[in-house]
Amino acid sequence: MKASPFTVPYYRIERPLLALGVALLPVYIFSSGGIQPAHMVIALFSAVFLAKRSFPRTSWAILLFSISAYSFLVESIYTILGGSSSAIMSSIFFIYNFIVVSSVYVHCRNYGLSALVPGLKAACVIAVSSVIISGVTLYANDEGRSAGGFNNPNQLGYFSVCLLSLTYLLYCHRLLKYVTALSMFFVALFLSIVSLSKAAMVSNIIVFLFVINPMRVVGSNGIYFLFKYYMFWFFLSASVVFSLIFFYEAGYFENYKFIPRLQGMISEADSSLESRGYFAFLDGNFGQLVFGLGRDGVLDIVGHEVHSTLAGVLNDYGLLGFLLFFCAISVWILQLFRAYGFVGMSCIAGPAMLYGITHNGIRFTIFWILFSSSMAMAGLVIKRAKNKYYHRSKYSCEVLDTP
């Protein structure tokens, strides 16, 4: 049977929807914890996906589905026992992000990362513009922290670390030129600084010298080329480091707020694990240790949600939920290591996981887009490496082709 001339291929609908959803990620018009414009567009993208395809049947997908279903079960039981019905929203976001992960994963596996390129570029422009429009500066005498288009500065900080990693992923697959990627890396660093998020600044700074390393094209192994390649990276990195040291010692940074934030991060009271709610489970019984306190239980003990991605799952959903979630994250990290080597894995997963030590990023959709797109491409890299389509360095991510 011939296809109708009016039939539109699904990928032609999916790609603009995914690009628009990514572009709108820095735009928050409703209160935190609620549905934002990007969520609506990405939900429509996922609906198109569900109309034609099934969920991936991989180990990590089964684990994420299990923790999503388990979180809904835990919150439902606590609600039946007299807890707040609003706690179920935590599990609803888990389920929503599982659907997003599945749809983005399958799309990127089939069609590559090209839909993310215009979306991420637009998101950079929107994020920077919103920060400029807000009028917040970095000077010490200026009050407040910039949130840009988000509801609070920590959301802007988390966006910046995921932006850096997604940019690196696109650059790995030759979808961004070096100058464009370098500009987006600096945008990510700028957004983390204006957010004054200590976790975001540290996470981005740790991997920054690695992500600005210009990738070499596969097959360019001549001694002269390698000499120019490594010398360029060495002088670029050295210039950045020595410039920062010089300006710091000369006192040029004294009037900027982010310097005292970084200097006092160890001594500040809100930096302790206890203040972030890591040990709330110690106030529960054995059953709550195994099955979780639920969102309301954590709020009763700590007064706020646990400010950590992994510790948040541990306290909310106990050892059982933690093991499911930890195994899914472990599969992701190991897959990235196999595909991109240690440096590539660190640049893709490192910033978000470092940020997650002191902040809860489970609900943040851009993290799950990073997770799913990188998982899809890592699978392709590993598969094609076996057939010698790709060459993978053990220690670094070299430029790779996209399907």
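Cut-offs used in this document
Residues numbered from 1 in each chain as written. Predicted model: local features only at pLDDT ≥ 70, side-chain atom pairs only at ≥ 80, totals over all residues. Heavy atoms only, no water. Helix = DSSP H or I, 4+ residues; strand = E, 2+ residues; numbered from the N terminus. Contact = heavy atoms within 4.5 Å. Areas by Shrake-Rupley, 256 points an atom, 1.4 Å probe, with all protein chains shown as cover. Phe/Tyr/Trp six-rings, centres within 6.5 Å; stacked < 30°, edge-to-face > 60°. Salt bridge = Lys/Arg side-chain N within 4 Å of Asp/Glu carboxyl O. Buried < 20%, exposed > 50% of the residue type's maximum accessible area, 1.4 Å probe, protein only. Core = buried A, V, L, I, M, F, W, Y, C linked by side-chain atoms within 4.5 Å. Expected span 1.5 Å × (residues − 1). Bend = angle between axes of the 7 residues up to and from the residue. Polar contact = N/O pair within 3.5 Å; in protein donor to acceptor, adjacent residues only side chain to side chain.

*Asks:* Looking at this structure, how should I read the overall build of the chain?
*Replies:* Check the secondary structure of the chain and you find 14 helices and zero strands. Taken from the N to the C terminus, the helices and strands of the chain come in the order α-α-α-α-α-α-α-α-α-α-α-α-α-α. In the chain, the share of contacts with a sequence separation of at least 24, taken over all contacts with a separation of at least 6, comes to 76%. Accessible surface computed for the chain: about 18,800 Å², of which carbon and sulfur atoms make up 68%.

*Asks:* I would appreciate a short explanation of the packing of aromatic side chains in the present structure.
*Replies:* Here the distance between the centres and the angle between the planes together describe a pair of aromatic rings. Evaluation of the coordinates by the stated rule reveals 22 aromatic pairs. Ring centres 4.9 Å apart and planes at 15 degrees place the aromatic pair Tyr158 and Tyr355 in the stacked group. In this pair, Tyr158 sits in helix H6 (residues 153–172) while Tyr355 sits in helix H13 (residues 309–355), placing the two residues 197 residues apart along the sequence. Centroid distance Trp332 to Phe371: 5.1 Å. Interplanar angle 40 degrees. Geometry classified as tilted. Pair noted here: Trp332 is in helix H13 and Phe371 is in helix H14 (residues 365–386), with a separation of 39 residues, a long-range link.

*Asks:* For this particular structure, what's the right way to read the pattern of salt bridges?
*Replies:* It is possible for side chains bearing opposite charge to pair when their charged atoms get close. On inspection of all chains with the given rule, the structure shows two salt bridges. Ionic pairing is found between Arg295 and Asp296, a salt bridge with its closest N-O pair at 3.3 Å. With relative accessibility at 23%, the residue Arg295 sits in the partly exposed group.

*Asks:* I would appreciate a short explanation of the side chain of Ser160 in the present structure.
*Replies:* If you trace the backbone, Ser160 turns up in helix H6. Those residues in contact with Ser160, other than ones at most four positions away along the chain, are Ala188, Leu191, Ser192, Ala200 and Asn204.

*Asks:* What should I look at first to understand the nonpolar core in this one?
*Replies:* In a soluble, globular protein the nonpolar side chains are often hidden away together inside. Formed by 102 residues in total, the largest nonpolar core has its most connected members in Phe159 and Trp332. When near neighbours in sequence (up to four residues on either side) are disregarded, Trp332 contacts Ile348, Ala349, Met353, Phe367, Leu370, Phe371, Ser374 and Met375. Membership of the second largest hydrophobic core comes to six residues, among which are Tyr278, Ala280, Leu293 and Val306.

*Asks:* I'm lost on helix H8 (residues 198–211) in this one. Help?
*Replies:* Taking 1.5 Å as the rise per residue, H8 with 14 residues should run 20 Å; its terminal C-alpha atoms sit 20 Å apart, in good agreement. The largest bend in H8 amounts to roughly 30 degrees and is located at Ile205.

*Asks:* Where do I start with H6 in this structure?
*Replies:* Structurally, the α-helix is built with 3.6 residues per turn, so residues lying three or four positions apart point the same way. Here H6 contains 20 residues, and its C-alpha end-to-end distance of 29 Å stays within 8% of the 28 Å for a straight helix at 1.5 Å per residue. Of all the 20 residues making up H6, 19 are buried; the element is thus mostly covered by neighbouring parts of the structure. Measuring from the backbone nitrogen of Asn154 back to the side-chain oxygen at the start of H6 gives 3.0 Å, which picks out Asn152 as the cap.

*Asks:* Would you explain the environment of Val306 in this entry?
*Replies:* Secondary-structure assignment places Val306 in the loop between helix H12 (294–302) and H13. When the C-alpha positions of Val306 and Arg295 are compared, they lie 9.3 Å apart, and in sequence the two are eleven residues distant. Setting aside its immediate chain neighbours within four residues, Val306 contacts Arg276, Gly277, Tyr278, Val298, Ala311, Gly312, Asn315 and Asn360.

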